[in-house]
Amino acid sequence: MTTSTASSSSAPAAGPLAGLKVIELGQLIAGPFAARTLADFGAEVVKIEPPGAGDPLRSWRLMKDGTSVWWQVQSRNKRSLALDLREAEAQAIVRQLAAEADVLIENFRPGAMEGWGLGPEALLAANPALVMLRISGYGQTGPYRDRPGFGVVAEAMGGLRHLTGEPGRVPVRVGVSIGDTLASLHGVVGVLMALQHRHATVSAEHPKGLGQVVDVALYEAVFNCMESLLPEYGAFGAVREAAGSALPGIAPTNAYRCADGGYAIVAGNGDSIFRRLMGCIGRPDLAADPALANNTGRVAQVELLDAAIGDWAASRTVEEVLAALDAAHVPAGRIYTIADIAADPHYAARGMLQRLRMDDGSELSVPGFVPKLSRTPAAHRLNAPALGADTDAVLEEIGLTAGQIAALRERGIIGGA
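Asks: Lay out the environment of His162 in plain terms, naming residues and giving numbers.
Replies: With respect to the secondary-structure elements, His162 resides in the loop between α6 (151-157) and α7 (178-200). Classification of His162 as partly exposed rests on a relative accessible area of 39%. Spatially, the C-alpha atom of His162 lies 36 Å from that of Gln354, the residues being 192 residues apart in sequence. Apart from residues no more than four positions distant in its own chain, His162 is found in contact with Val239, Arg240, Glu241 and Ala242. Engagement of the side chain of His162 in a polar contact is seen with the side chain of Glu241, the distance being 2.7 Å.

Put into structure tokens, the structure is as follows:
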């Protein structure tokens with residue numbers, strides 16, 4: 001593994017977003033993942049959490065010393081400000097921070113920010129250059145806007161859940177919160193586009209340019225990745241159904257059981273790749289068949305092709321299948337567990353397996369950074385913060401005195417050391 005000994009005192013080279021000030025008001029996955037992505041590339045992110053428990057993600061899944069190990073990834077490169085947003089004084093602090101920020105990220109239910117006096121009308125009036133990313137289940141408009149929405153619901157509404165699983169069986173959930181993550185990444189794209197627009201609108205009247213609201217709905221982020229579902233339905237009334245490990249309309253591509261009980265994923269759906277695949281499995285007759293020369297013909301006989309590939313794979317181990325297909329230049333791979341990932345030399349060579357030095361001196365395996373930038377790469381600059389660890393420092397930076405900070409803490413409006 002590539003080792004990272006980054007801690008709160010490390011100072012790697014600045015990323016491409018160095019100097020960008022981001023306020024994160026979200027919790028759990030969608031908003032915080034977007035903020036983390038910006039932070040990895042150099043943005044200065046202040047994460048605002050409620051005093052006491054903080055972001056619920058701190059206690060999700062497997063815990064180490066009382067804190068989720070997921071937290072160490074989701075909140076790296078951020079500072080924590082513990083602030084009770086239900087209080088008027090806390091809302092005033094957010095407005096003061098937003099007045100100097102470049103980006104504000106929130107993923108509350110629509111209307112929550114407005115109820116705190118933190119809606120876009122108020123914030124952009126004070127800071128016309130602010131880019132405000134709002135991630136919610138159904139978006140800021142429309143008849144469903146007020147419904148609570150989580151990623152799993154968005155995956156269902158966006159069309160993904162209907163396609164997962166085996167035909168005729170209950171649609172299965174994707175094993176990670178893919179709806180939230182897709183929304184986060186769409187949000188990051190929207191923020192970067194809005195910043196580009198802001199740069200293009202710099203003027204004497206607006207010396208920092210014009211900001212705007214980026215409205216991301218979880219279900220729309222999922223739907224945006226649904227490829228040809230809608231045009232196929234619009235043109236032919238076709239409703240794509242679940243197909244297990246195959247990809248309907250593209251052949252051959254499937255998971256094939258091997259002699260050792262494992263599976264090999266084989267993607268032989270390109271015309272020339274198909275011919276090489278058939279040669280590899282000892283079926284030159286299929287490679288030469290004019291009816292199978294293109295994808296349309298192969299889809300019509302997909303059961304024949306799957307049977308031929310399946311029979312060949314069934315007499316070989318996964319390693320033997322992959323070695324033969326690699327030699328034939330046919331895309332193929334095994335189904336990785338996280339143990340396979342952690343042991344894989346390609347992951348290590350690409351810097352995707354990092355060892356993080358925790359504040360207590362222990363080490364933790366964490367994912368590396370995506371994408372790879374040649375001149376301004378991402379870096380681990382700060383460990384995930386303890387709740388409210390930066391409260392005093394952030395408030396001092398906006399001009400609050402020690403006495404004011406102490407008074408806010410005594411009333412429970414702020415938290416942290």
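Asks: Account for a nonpolar patch on the surface, with residues named and values stated.
Replies: A cluster of nonpolar residues, Phe223, Leu230, Tyr233 and Val239, forms a patch on the protein surface that exposes about 420 Å² of accessible area. Residue placement: Phe223 occurs in helix α8 (residues 218-223).

Asks: Give a description of the pattern of salt bridges that names residues and reports values.
Replies: Pairing is possible between side chains of opposite charge, provided their charged atoms come close. For the structure shown, the criterion picks out 23 salt bridges. For Arg36, the salt bridge goes to Asp40, with nearest N and O atoms at 3.4 Å. One end of the pair, Arg36, and the other, Asp40, are both in helix α1 (residues 30-40), 4 residues apart, so they sit about a helical turn from each other. Take Arg36 and Asp40: they sit in the same class, and that class is buried. As a salt-bridge pair, Asp84 and Arg86 come within 3.0 Å of each other at their nearest N and O atoms. Owing to a relative accessible area of 12%, Asp84 belongs among the buried residues under this scheme. When its relative accessible area of 67% is taken as the criterion, Arg86 is described as exposed. What you see here is one network of salt bridges that share partners, running through Glu24, Lys47, Asp55 and Lys78.

So, how was this worked out
- Residues numbered from 1 in each chain as written.
- Predicted model: local features only at pLDDT ≥ 70, side-chain atom pairs only at ≥ 80, totals over all residues.
- Heavy atoms only, no water.
- Helix = DSSP H or I, 4+ residues; strand = E, 2+ residues; numbered from the N terminus.
- Buried < 20%, exposed > 50% of the residue type's maximum accessible area, 1.4 Å probe, protein only.
- Contact = heavy atoms within 4.5 Å.
- Polar contact = N/O pair within 3.5 Å; in protein donor to acceptor, adjacent residues only side chain to side chain.
- Patch = residues over 30% accessible without salt bridge, like charges linked within 9 Å, V, L, I, M, F, W, Y side chains within 5 Å.
- Areas by Shrake-Rupley, 256 points an atom, 1.4 Å probe, with all protein chains shown as cover.
- Salt bridge = Lys/Arg side-chain N within 4 Å of Asp/Glu carboxyl O.

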